[in-house]
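Observations on the model geometry
The lines below spell out each chain.
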Amino acid sequence: MNDRQTAFKILNKIEKSKAYSNLALDSYLQNGRENIYSSAFVSYLVYGVTERLITLDYVISLYLTKPVKKLKPEVLTALRLGCFQLLFADSVPDSAAVNESVKLVKNNGCAFASGLVNSVLRKIAQNGITYPQTDDGIFDMSIRYSCPDSLVRRFVGDYGKDDTEEFLKHSLLKPKICARVNTLKTDTASLISRLSEKGVSAVSSDIVPDHIVFDGFTGIENSAEFNEGLFHIQDLSSAVCVHSLELKEGMTLVDACSAPGGKSFTAAEIMNNKGIIYSFDIYESRVGLIKEGADRLGIDIIKASVCDASKVNEELIGKADRVLCDVPCSCLGTIGRKPEIKYKDFGFVDKLSQLQYNILSSCAEYPKQDGLLVYSTCSLSKAENENVCDRFLDNNKNYVKVGEYRTLMPHKDGTDGFFTAKFRRK
């Protein structure tokens, strides 16, 4: 199976089953494909088409006599692949983009559409792309940055036009891969040096200590350094969140929505593996991920178990020095990594914000007097962030806000989009 055929099959799976692109790709990569360059091209095509979906459909629609959605899914996927390569893949010759897309429809039961695919893609190759400039700025941004009108409108309402445009522009850039150095086993300079000896480029983060930023490292989780527990993958925004807890050796921390465990791992390393961390998740399978990660990193202060964070755990009332509520959220701050998130129906946010409030309220029972409670999301929706926290403060007079709410913006802070609020129990 060639790379375009593989990308074609993955994209069809994503379209039909609404699978996440990263999970569909992981499944493909774990099925024995050993050619790194081949895997990289497949990933490039899948992520590229997914993140540019609205833009591609807009361009394709200019050369059709019927709506894009009336096309057979396999024909549309082939057109999207061809269109993406023509407009955004500078290293792919136009002839290859067109001819290989025609082959895709011929080889996948849609030979009847080969003439259509050939005609549409040749016109796109000839004319390129001209983004719309209308009186409707929301529509224009939606097409240029491949983001649904409703979501663009939500961002503009929360952050204004300029920040929205810069954020959406940044979301189309290649995301950085970052990792927390396991200071229980090594240090930043030693890890960077060891990686360099293997031809892997990484630099120390200038945003948070003990973190590194990779430059194009593929196969990270198959590396000896990962398997030896010298680091775990973690975006810098999550590290900022953990540092806001002001952790020290010997403390008791409750990480209420922990899986897969990255923030608990960082906390344990900051605490020098001294103290106790209660790491919870509602699903047994995800609790298993926490345990596996802790074992790999050599951390033994984490007690991982199943717990519904929206309900009070009577055994922990008043016992924690620090509590972290990294609640389930819409993940809108991570659309640069998981582009299909953009295309969800966000009507569920109101219901989600109620769950977030319930979790925060339950976890407020755990801190000791003067203990800290940190609330966080990887969303950029104020309905999930400021609104939840303001409501919490209104209804919990035994807590005070510590500092200002903090929102990390990808285009300003060099991290994923992230929100953190800190409260102290009186």
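As a convention, each chain's residues are numbered from 1 in the sequence order in which they are written. In view of the model being predicted, local features appear only for residues whose pLDDT reaches at least 70, and side-chain atom pairs are presented and counted only at 80 or more, with totals across whole chains, interfaces and linings using the full set of residues. Each side-chain value is derived from all of the structure's non-hydrogen atoms; neither hydrogens nor water enter the calculation.

Looking along a regular strand, one sees side chains alternate from face to face of the sheet. Of all five residues making up strand β1 (residues 177-181), four are buried, and the element is well covered by its neighbours. A pair of strands is labelled paired if DSSP reports no fewer than 2 bridges between them. Note on conventions: DSSP H or I runs of at least 4 residues are helices, E runs of at least 2 residues are strands, and numbering of each starts at the N terminus. Here β1 runs beside strand β3 (residues 211-214); their pairing, made up of four bridges, is antiparallel. Counterpart to Ala 179 in the pairing with β3 is Ile 212. Burial status follows relative accessibility: with a 1.4 Å probe on protein chains alone, a residue under 20% of its type maximum counts as buried, one over 50% as exposed, and anything between as partly exposed.

To continue, consider the environment of Asp 206. When you line up the elements, Asp 206 lands in the loop between β2 (202-204) and β3. Under the relative-accessibility criterion, Asp 206 is labelled exposed at 75%. In this structure the C-alpha to C-alpha distance between Asp 206 and Phe 8, which are 198 residues apart in sequence, comes to 39 Å.

Glancing now at the state of the cysteines. Should the sulfur atoms of two cysteines be covalently bonded, the bond is a disulfide. Here, the term disulfide refers to a pair of cysteine sulfur atoms separated by no more than 2.5 Å. Counting across every chain of the model gives zero disulfides. The thiol of Cys 147 is unpaired, and the distance to the nearest cysteine sulfur, on Cys 331, comes to 15 Å. Summary of cysteine pairing: Cys 325 is not part of a disulfide, and the nearest cysteine sulfur, belonging to Cys 363, is at 3.3 Å.

Across the sheet, which stays open at both edges, the four strands sit in the order β2-β3-β1-β4 with antiparallel pairing between neighbours. Each edge of the sheet is formed by a strand with only one pairing partner; in this case those strands are β2 and β4 (231-233). In this sheet, adjacent strand axes meet at a mean angle of 30 degrees when their direction is disregarded. Across three bridges, the pairing between β1 and β4 is antiparallel. Across the sheet, Ala 179 pairs through a bridge with Ile 233, a residue of β4. Axes, fitted as lines to C-alpha atoms, cover a helix only where it is in contact. Angles between the N-to-C directions of the axes lie from 0 to 180 degrees.

This part is about the nonpolar core. Considering soluble globular proteins, one finds that nonpolar side chains tend to be buried as a cluster. The set of buried Ala, Val, Leu, Ile, Met, Phe, Trp, Tyr and Cys residues whose side-chain atoms join them within 4.5 Å is what this entry labels a nonpolar core. Of all hydrophobic cores here, the largest spans 40 residues; its most connected members are Ile 60, Leu 79, Leu 81, Cys 83, Leu 121 and Ile 124. Elements supplying a minimum of two residues to this core: α1 (3-17), α3 (36-51), α4 (53-61), α5 (73-88), α6 (94-107) and α7 (114-127). When residues in this core are grouped by element, the largest group, 10 residues, is from α5. The criterion used for residue contact is that any of the two residues' heavy atoms lie within 4.5 Å. Beyond its immediate stretch of four places on either side in the chain, Ile 124 contacts Val 59, Ile 60, Tyr 63, Cys 83, Leu 86 and Leu 87. Formed by 32 residues, the second largest nonpolar core is a distinct cluster that contains Val 242, Ala 259, Val 287 and Leu 324.

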